[in-house]
Amino acid sequence: MVRTTTFRVIWPAAASAAACLLFVGARLVSHNWDPAALAESGTRFSQLDPNGTDGYDGQFTFTVAINPDPAVAGPHLDRPAYRYQRIVYPLAARVLALARPEWIPWALVTIAVLAAAGGAACIARWMLDHGQWEGYALGLGLWVGVVASAGLFLHEAVAYGLAALGWILLRDGSVRSGAIVLSLALLAKETTAPFWVAAIAMEGATRDATRTGRRWLAAGGIIFVAWQGWLWWTFGEPGLGSGGAMSTPFELVPLMGFLRIGQVSPEALGLFLLIFGPMVIVPAVWGVLASARSLKPLETRPEAAALLLNSAIVLLVPFSTAREPLGLVRLATGLVLAVLLFAAVQGLRRVLNYSLFWTAMLVLLVRG
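Keep in mind it's a predicted model, so treat the numbers as computed, not measured.

The next point concerns the overall build of the chain. Each helix and strand in the chain was counted, giving 20 helices and zero strands. Since a compact globule built from 368 residues should have a radius of gyration of about 21 Å, the 20 Å found for the chain is in line with a globular shape. Overall, the chain is about 55 × 50 × 40 Å in size when its C-alpha atoms are taken along their principal axes. Within the chain, the proportion of its 368 residues that are buried is 52%. Excluding contacts between residues fewer than 6 apart, the proportion of contacts in the chain whose partners are at least 24 apart in sequence is 71%. Carbon and sulfur atoms make up 66% of the accessible area of the chain, which amounts to about 16,100 Å² in all. Distance between charge centroids for the chain: 9 Å, based on 26 positive and 21 negative side chains.

Counting residues in hydrophobic clusters, the biggest one holds 119 residues, and the most contacted among them are I123, W143, F153, F195, V280, L337 and L340. Counting residues per element, this core draws most heavily on helix 7 (residues 104-129), which supplies 16 residues. Setting aside its immediate chain neighbours within four residues, L340 contacts I123, W126, M127, Y136, G139, L140, L352, S355 and W358.

Two elements in contact, helix 7 and helix 10 (residues 156-171), have axes whose closest approach is 8 Å; the angle formed by their N-to-C orientations is 35°. Judged by the sense of rotation from one axis to the other, the crossing of helix 7 with helix 10 is left-handed. Where helix 7 abuts helix 10, its residues I111, A112, A115, A116, G119, C122, I123, R125 and W126 lie against A157, V158, G161, A164, L165, W167, I168 and R171.

A few words now on helix 3 (residues 58-66). Helical geometry: 3.6 residues make up each α-helical turn, so side chains three or four residues apart lie on a common side. Counting buried positions along helix 3 yields seven of nine residues, so the element is predominantly enclosed. Those residues of helix 3 lying buried are G58, Q59, F60, T61, F62, V64 and A65. Buried residues in helix 3 make contact with helix 2 (43-46), helix 5 (80-84), helix 6 (88-96), helix 7 and helix 9 (144-152).

Here the focus is the side chain of Q85. With respect to the helices and strands, the residue Q85 is situated in the loop between helix 5 and helix 6. Given the relative accessible area of 1%, Q85 is considered buried.

This model, assessed by the stated rule, comprises 15 salt bridges. Residues K189 and E156 are paired through a salt bridge, measuring 2.2 Å at the closest nitrogen-oxygen approach. With K189 in the loop between helix 11 (175-188) and helix 12 (193-205) and E156 in helix 10, the pair connects residues that are 33 residues apart, well separated along the chain. We classify E156 as buried; its relative accessible area is 0%. One network of salt bridges, in which partners are shared, links D57, D78, R83, E156, K189 and R330.

Taken together, the side chains of L271, L274, I275, V363, L364 and V366 present a nonpolar region at the surface, about 550 Å² in accessible area. Residue classification places L271 among the partly exposed positions, given a relative accessible area of 47%.

A few words now on helix 16 (residues 301-315). Here helix 16 contains 15 residues, and its C-alpha end-to-end distance of 21 Å stays within 8% of the 21 Å for a straight helix at 1.5 Å per residue. For helix 16, the full list of buried residues reads P302, E303, A304, A305, A306, L307, N310, S311, V314 and L315.

Enumeration according to the criterion identifies 15 aromatic pairs in this entry. Arranged with centres 6.5 Å apart and planes meeting at 80°, the rings of Y160 and F195 form a pair that is edge-to-face. Pair noted here: Y160 is in helix 10 and F195 is in helix 12, with a separation of 35 residues, a long-range link. F195 carries the same exposure label as Y160, and that label is buried. An aromatic cluster is present here, built from Y84, W227, W230 and F235 joined pairwise through their rings.

On the secondary structure map, I275 appears in helix 15 (residues 266-293). Along the primary structure I275 and M361 are separated by 86 residues, whereas in three dimensions their C-alpha atoms are 8.9 Å apart.

At a closest axis distance of 10 Å, the pairing of helix 10 and helix 19 (residues 333-346) adopts a crossing angle of 25°. In terms of orientation, helix 10 lies roughly parallel with respect to helix 19. In this structure, helix 10 meets helix 19 at a crossing whose hand is right-handed. Where helix 10 abuts helix 19, its residues E156, Y160, A163, A164 and W167 lie against T333, G334, L337 and L341.

Next up on the list: unusual backbone geometry. Note on backbone geometry: most residues besides glycine have negative phi, and most peptide bonds are trans. Phi at L48 takes a positive value of approximately 55°, unusual for a residue other than glycine. As for its position among the elements, L48 is in the loop between helix 2 and helix 3. Accessibility expressed as a relative area gives 44% for L48, which makes it partly exposed. Phi at L98 is positive, roughly 55°, even though this residue is not glycine. Turning to its location among the elements, L98 is positioned in the loop between helix 6 and helix 7.

On to the side chain of Q59, then. Examined against the element boundaries, Q59 turns out to sit in helix 3. Residues within four places of Q59 in sequence aside, it is in contact with A39, E40, S41, G42, F45 and D54.

Before going further, it helps to examine the environment of P90. Along the chain, the position of P90 falls in helix 6. Sequence separation between P90 and F60 is 30 residues, and the spatial gap between their C-alpha atoms is 9.1 Å.

Parameters at a glance
- Residues numbered from 1 in each chain as written.
- Predicted model: local features only at pLDDT ≥ 70, side-chain atom pairs only at ≥ 80, totals over all residues.
- Heavy atoms only, no water.
- Helix = DSSP H or I, 4+ residues; strand = E, 2+ residues; numbered from the N terminus.
- Rg over C-alpha atoms; globule rule 2.2 N^0.38 Å.
- Buried < 20%, exposed > 50% of the residue type's maximum accessible area, 1.4 Å probe, protein only.
- Contact = heavy atoms within 4.5 Å.
- Areas by Shrake-Rupley, 256 points an atom, 1.4 Å probe, with all protein chains shown as cover.
- Lys, Arg positive; Asp, Glu negative; His and termini not counted.
- Charge placed at Lys NZ, Arg CZ, Asp CG, Glu CD.
- Core = buried A, V, L, I, M, F, W, Y, C linked by side-chain atoms within 4.5 Å.
- Axes fitted to C-alpha atoms, helices over the stretch in contact; angles between N-to-C directions.
- Left-handed = near helix turned anticlockwise from the far one by under 90°.
- Salt bridge = Lys/Arg side-chain N within 4 Å of Asp/Glu carboxyl O.
- Patch = residues over 30% accessible without salt bridge, like charges linked within 9 Å, V, L, I, M, F, W, Y side chains within 5 Å.
- Expected span 1.5 Å × (residues − 1).
- Phe/Tyr/Trp six-rings, centres within 6.5 Å; stacked < 30°, edge-to-face > 60°.
- Parallel < 35°, antiparallel > 145°, perpendicular 65-115°, else oblique.

Function-wise, these values are silent; they only describe arrangement.
In structure tokens:
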């Protein structure tokens, strides 16, 4: 029985790891097996050429991992505080690589693949604990935002893998460990904050909640705030907010980030709605409605709170993120995780079946 359960947890994790490695391998082949090229570094930041190429976000993870000294890394980051706040992934890679620059790209890949597999394993275990098929964990394990992060040095696999693990530890009663892991998720990527906030609700909703649980969760929040203060002191601004190339702030009106695409190109808006409507927008709208109805029952309040907050983030997505397909699916990773947690607890089999269609989004990683 134990062996059967172990296999049922492991196979979704193995499928996630295989997808990540396949993507990494394809990218390595296209870059002559140069692992550093996975960072997609642009000369504007790597060589400080004002007229150079921009590159992509993974270059900043790579830069911090190579040398985390703010004075050294700062000039090579587009928004130093915004990039530097996500310190867990690059620092972990530097430690794993023993600070040897030539090993750091491999360390980044290794950590991301293991984190993606770990996140899938956590959700498979969650499904089994709630009487659901473990294969629904593929919704997260094969989500394009998770798989892409492994081959582009992005933070999603690590951040949401930690969030999934922290959530299960808390639900299993390992309050101290769960709070620590969720705090690490916050420091891996700030968009995991809804799970930390919902965990506070979890402690308040649990009848046998202990002061220890609330203290450890509060300590994680204090550390995160202190980290933001250090970023402000060091770089002149906190890390929180919308960042990246030509970034715009989060919208105040739901879906306005998507509607602004139509102001630029109605045809582009139509294409975006065709692709991301059923995969991102509809689940986010459903998430708000379903979670709002489920906030009252004590036993489902934490998952409902996580779903509500993650859905709201997607609906208020900045225009600069909404218009970029990969940026949008990366942001939606929290929504994917929250839907799976909530649907399993509620026994929503139809929703869980629908979640398997998320695996089709891997087509975004296929280049013509």
